[in-house]
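A closer look at the structure
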Amino acid sequence: MKPAALLIAPPVYDFAFYDLFVRPYGLLRIGHWLEEGGYKVNLINSLDPRDSETMERQTGVSGWTPPGRTGHGTGKTFRRRLESPEALKSTPRAWTRYGIPEEILGRKIAAEQPDVILVSSTMTYWYPGVREIVRLCRKHHPGIPVVVGGIYATLMTDHCRDICEPDVVVAGPALTGLKVNLDSFGLPVPGGEITEECLIRPVGYLDGGVLRLNEGCPFACRYCASRLIDPRFVPGDPDRQFSFIKKLHDATGLANYAFYDDALLVNKEQVLFPFLRRIIDSGMKLSFYTPNAIHIRHLDEETIDLMLAAGFAEFRMGYESADDAFHERMDGKITAADFSRVMAILKTRGMTGDRAAVYVLAGLPGQYRSEVEESLTRAREAGAFTRMAHYSPVPGTALWAESCRASRYPLDKEPLFHNNSVFPLEWEGLTRGDILDLKKLTGSSAAT
Ligand code: SF4
C-alpha cells in the first residue's frame, strides 16, 4: 500500500485578509515530488472560499453571503470575528479568523488516514493558524508525525517549535530537511529534486493558478527576507515551466495565473522571453498577474510588448520611494529616471489606472511622513496607480535590529507585533494618523 501524506495550508488570524493569489505553493511543489515518488497525497486548503460543507452550513444563516470573488483568482474567503488576543487588545480593529471553520477542518482532518502530515506557514504573525492545525492533527491523529515548514518556520524556527509544537520544524528550502525526516519516520524517501512543477488539485489553486520561473532574487534590499528564504538566485527553465502550465491549464481550465517570482525580469532574455513566446505560440488565452511586483529598471519597450502580447493584465511594480537617496541606502533597485521612462512607455500602450500600479513603502524605522507623501504624489503625477506597502518588520533582515530598537513592541518575543495593522514602527515623524491620512493619496490621481 502507498504511504499517505496529508498536506495542510492553515487558516489566517488577522485584522484583515484579502486573497491576492494566496496559494500553498510550497506544499504544491512538495506534493508533486511526493506523488511522483509513490505517495498518496491529499491537500486541505483552509482558505478555500468554496468549501461545500462550509457553504452548506452557512447558507440560510441570516445576513450571510458567500465570500465575494473577482473571477480572476482573487477575493475574500470565509471569516468569523473573534475576541482579540491579549497582546493586541489596544488595536482598535476586529480580530478575525479567515478560513473554513475549525470544526469542519477538524472533520476533514479526521477523515484522512495519513502516515505523515506537512503544514505550511507564511507570515510570522499568522502563526496562530499554524498552531491550530498542529493541535487538530494531534487530536485526530495522535502518533502521526507533523512537520511544519515555510516562511515563518524558517524565520522563527525556535518560536515555531516552542509555540506550535510540531514534531519537526523544517527551516529553509524543504528538500534536505524533508528527506532526512521522512527517513527517520521510517517512510520512503522519493528520489530527485523538488522542482517548480506542482501537484494538480483544484483546491490548491482555487480560481487562479500560480507559477514561478526564477527562484530567489539577486538583490538584497534591507527590508526584505527574500534571501533568507531562497539564499540563491536560480534562473528557471522556460520549457519545463511552459509544459507544466499547459498541463495545469488543460486539467483545470484555469485562465488566470500569478507569478510568484521575486525577480521575474532578471535574466529575462533566457527565461521570461522564451516562456512568453511559447505561451503566445500555444494560442492559450491566459491572463498574468504580478502580486509580488516587478523591477521597474528591467522594463523596456520590448519587454512590455512581449508581456502584453502574452496576456499580462497589469503591471505591479516596486517603486518604494521617489527619493534616490532612499534607494541608495535601502535597495539600489531603481532611479527616478527609470521610473519616468517606464511610465511613459506604459502610457503609450494604454496601460493606465490600476493596470500600471506601484508600491510605495511606508512605515520603515525613522521614516518621515514627508518622504512617503512626496513619493505617493510623484508617482501619481507620473500616471501610476499607487498602493501603499505598509512595512512589516521581518526577522533576520538588515532592518530587523533597527526595527526592534525603534518599536515600542517586543518584536523579537511576539510575532503578532510584526503585523503592520498594529503600526509597529509608529513614531512622531510618521504616526498612525499620518498613515491613515496618506492612504487618501493612494489609487489614481484625478489627472489620469
Ligand atoms: S524587495 Fe524585491 S528586489 Fe528587493 S530583495 Fe526583495 S524580492 Fe528582491
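The present account deals with the structure reproduced in this document. (Residues numbered from 1 in each chain as written. Predicted model: local features only at pLDDT ≥ 70, side-chain atom pairs only at ≥ 80, totals over all residues. Heavy atoms only, no water.)

Here the focus is the overall build of the protein chain. The secondary structure content of the protein chain amounts to 17 helices and 16 strands. A globule of 448 residues ought to have a C-alpha radius of gyration of about 22 Å, and the protein chain, at 22 Å, matches this closely. Here the protein chain holds 448 residues, and the buried ones make up 56% of them. Of all intrachain contacts in the protein chain linking residues separated by at least 6 positions in sequence, the fraction that spans at least 24 positions is 75%. Measuring between centres, the 52 positive side-chain charges of the protein chain sit 3 Å from its 56 negative side-chain charges. (Helix = DSSP H or I, 4+ residues; strand = E, 2+ residues; numbered from the N terminus. Rg over C-alpha atoms; globule rule 2.2 N^0.38 Å. Buried < 20%, exposed > 50% of the residue type's maximum accessible area, 1.4 Å probe, protein only. Contact = heavy atoms within 4.5 Å. Lys, Arg positive; Asp, Glu negative; His and termini not counted. Charge placed at Lys NZ, Arg CZ, Asp CG, Glu CD.)

Further remarks concern the sheet that holds strand β6 (residues 79-81). By way of backbone hydrogen bonds, the strands of a sheet pair with one another, either parallel or antiparallel. In spatial order, the strands read β2-β7-β6; together these three strands make up an open sheet with antiparallel pairing. Taken across any chain shown, the strands that pair with only one partner, and hence form the sheet edges, are β2 (12-14) and β6. If you compare each strand with its neighbour and ignore which way they point, the axes differ by 20 degrees on average. When β2 meets strand β7 (residues 96-98), the two strands line up antiparallel, connected through three bridges. (Pairing = 2+ DSSP bridges. Axes fitted to C-alpha atoms, helices over the stretch in contact; angles between N-to-C directions.)

Not every positive phi belongs to a glycine, and Phe21 is a case in point at roughly 55 degrees. Relative to the helices and strands, Phe21 resides in the loop between β3 (19-20) and α1 (25-36). Within the chain, Glu165 stands out as a residue other than glycine whose phi angle is a positive 55 degrees. Along the chain, the position of Glu165 falls in the loop between α6 (157-164) and β10 (168-169).

With that out of the way, let us pick up helix α4 (residues 127-140). If you check α4, its first and last C-alpha atoms are 20 Å apart, about what 14 residues at 1.5 Å a residue would give, namely 20 Å. Looking only at α4, the buried set comprises Tyr127, Pro128, Gly129, Val130, Glu132, Ile133, Val134, Leu136 and Cys137. (Expected span 1.5 Å × (residues − 1).)

On to the side chain of Ser84, then. Inspection of the secondary structure puts Ser84 in the loop between β6 and β7. With relative accessibility at 14%, the residue Ser84 sits in the buried group.

Overall, parallel pairing links the five strands, which are arranged β4-β1-β8-β9-β10 in an open sheet. If you trace the sheet from one side to the other, it starts and ends with β4 (40-45) and β10, each paired once. Lying on the sheet, α1 is in contact with β1 (4-9), β4 and β8 (116-119); it crosses β1 at an angle near 175 degrees.

In this section: the nonpolar core. Counting residues in each nonpolar core, the largest one holds 82 residues, and the members touching the most others are Leu34, Phe275, Phe315 and Met317. At six residues, the largest contribution of residues to this core is made by α1. In terms of nonpolar packing, the next biggest core, distinct from the first, is built from 39 residues, Ile100, Cys164, Val169 and Val422 among them. (Core = buried A, V, L, I, M, F, W, Y, C linked by side-chain atoms within 4.5 Å.)

Two numbers describe how α4 lies on α6: the axes approach to 10 Å, and their chain directions differ by 45 degrees. With respect to α6, the axis of α4 lies oblique. Crossing of α4 against α6: the hand is right-handed. Residues Tyr127, Val130, Arg131 and Val134 of α4 pack against His159, Ile163 and Cys164 of α6. Counted by class, the contact of α4 with α6 contains five nonpolar, one polar and one charged residues. (Parallel < 35°, antiparallel > 145°, perpendicular 65-115°, else oblique. Left-handed = near helix turned anticlockwise from the far one by under 90°. Nonpolar A, V, L, I, M, F, W, Y, C, P; charged D, E, K, R; others polar.)

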